[in-house]
Amino acid sequence: MTALDSLPQGDVRLLEHPVARRLLGSTELARVAYVASDGTPRVYPTLFHWTGEELVMATFAGAAKIPALRARPDVAITIDVNAMPPEVLLIRGRAEVTDVEGVVPEYALAHYRYSGPEQGAKIVAEADQPGVRMARIAVRPSWVGVLDFQSRLPGPLTGKD
């Protein structure tokens, strides 16, 4: 057991936990929960790039989630591995949406990581067309939880939900 294992759920220092670091560098999808413009909950799976301070996702201009995230920026995110024992990184924070002319740089970095340099470059080249507009969605974690079902279990012993 490490000092990081004794931190309560919610402590942003959990971003340094080996499980969190592994998942932030993985090719698992992030699942982002937010409240849509009609007031109902939504979850969308997405590629992401971790900058060391922000979890950055990108979408093309016109996506319905853009005005919804601007109106209600509080989000919850999970990145997890479907294995035994499961590993789970939980993040809460506020989404900051920035309009970008062209391709969001982190969109390219995410595609290179998920697809490899050659295929990633092809995907980015297909997106990088004249007039393309995207939105950069950045979440700076304000609450972090880690579950590895070995040293960090769900429940009252690991802190508040």
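Residues numbered from 1 in each chain as written. Predicted model: local features only at pLDDT ≥ 70, side-chain atom pairs only at ≥ 80, totals over all residues. Heavy atoms only, no water.

Visitor: How should the overall build of the protein be read in this particular structure?
Guide: When its secondary structure is counted, the protein shows 4 helices and 7 strands. Each helix and strand of the protein, placed in order from N terminus to C terminus, yields the pattern α-β-β-β-β-α-β-β-α-α-β. The C-alpha radius of gyration computed for the protein amounts to 16 Å, which stays within 12% of the reference 15 Å derived for 161 residues, consistent with globular compactness. If you line up the protein on its principal axes, its C-alpha atoms span 55 × 40 × 25 Å. Here the analysis covers contacts within the protein between residues at least 6 apart in sequence; of these, 71% occur between residues at least 24 apart. (Helix = DSSP H or I, 4+ residues; strand = E, 2+ residues; numbered from the N terminus. Rg over C-alpha atoms; globule rule 2.2 N^0.38 Å. Contact = heavy atoms within 4.5 Å.)

Visitor: Is there a simple way to explain the packing of helix H3 (residues 105–115) against helix H4 (residues 117–127) in this structure?
Guide: The geometry of a pair of packed helices is captured by two quantities: the angle between their axes and the separation between those axes. For the pair H3 and H4, interaxial distance at closest approach is 7 Å and the crossing angle is 145°. Once H3 is placed against H4, the crossing between them reads as right-handed. Between H3 and H4, the residues in contact are Tyr107, Ala108, His111, Tyr112 and Ser115 and Pro117, Gln119, Gly120, Ala121, Ile123, Val124 and Ala127, respectively. (Axes fitted to C-alpha atoms, helices over the stretch in contact; angles between N-to-C directions. Left-handed = near helix turned anticlockwise from the far one by under 90°.)

Visitor: What should I look at first to understand the sheet that holds strand E3 (residues 49–50) in this one?
Guide: Within a sheet, adjacent strands bond to each other through the backbone by hydrogen bonds, running parallel or antiparallel. If you walk across this open sheet you meet the 7 strands as E2-E1-E5-E6-E7-E4-E3, and the pairing is antiparallel. Every interior strand has two partners, whereas the edge strands, strand E2 (41–46) and E3, have only one. As defined by bridge partners, strand E1 (residues 30–35) adjoins E2 across 6 bridges and the pair is classed as antiparallel. Among the inter-strand pairings, Arg31 is bridged to a residue of E2, identified as Pro45. (Pairing = 2+ DSSP bridges.)

Visitor: Please clarify how the nonpolar core should be interpreted in this entry.
Guide: If you look at soluble globular proteins, the nonpolar side chains tend to sit buried side by side. Membership of the largest hydrophobic core comes to 34 residues, with the highest contact counts inside it found for Leu24, Phe48, Leu69, Val75, Ile77, Ile79 and Leu89. Going through the elements one at a time, helix H1 (18–24), E1, strand E4 (55–60), helix H2 (65–71), strand E5 (74–81), strand E6 (87–101), H3 and strand E7 (133–147) are the ones with two or more residues in this core. Looking at which element gives the most residues to this core, the answer is E7, with 5 residues. Residues in contact with Leu69, not counting those within four places in the same chain, are Tyr34, Tyr44, Val75, Ala95, Val97 and Ile137. Listed in part, the 10 residues of the second largest apolar core include Ala58, Val104, Ala108 and Ala127. (Core = buried A, V, L, I, M, F, W, Y, C linked by side-chain atoms within 4.5 Å. Buried < 20%, exposed > 50% of the residue type's maximum accessible area, 1.4 Å probe, protein only.)

Visitor: How do you make sense of the packing of aromatic side chains when you look at a structure like this?
Guide: Each aromatic ring pair is described using two quantities: the centre-to-centre distance and the angle formed by the ring planes. Scanning the model with the defined rule gives 3 aromatic pairs in all. Ring geometry for Tyr34 and Tyr44: centres 5.7 Å apart, planes at 75°, overall edge-to-face. Taken together, the residues span a long stretch of sequence, with Tyr34 in strand E1 and Tyr44 in strand E2 at a distance of 10 residues. For the residue pair Tyr34 and Tyr44, the accessibility class agrees, reading buried in each case. Ring centres 5.9 Å apart and planes at 75° place the aromatic pair Phe60 and Tyr107 in the edge-to-face group. A residue pair is termed long-range when its members are at least 10 positions apart, and Phe60 in strand E4 and Tyr107 in helix H3 qualify at 47 residues. (Phe/Tyr/Trp six-rings, centres within 6.5 Å; stacked < 30°, edge-to-face > 60°.)

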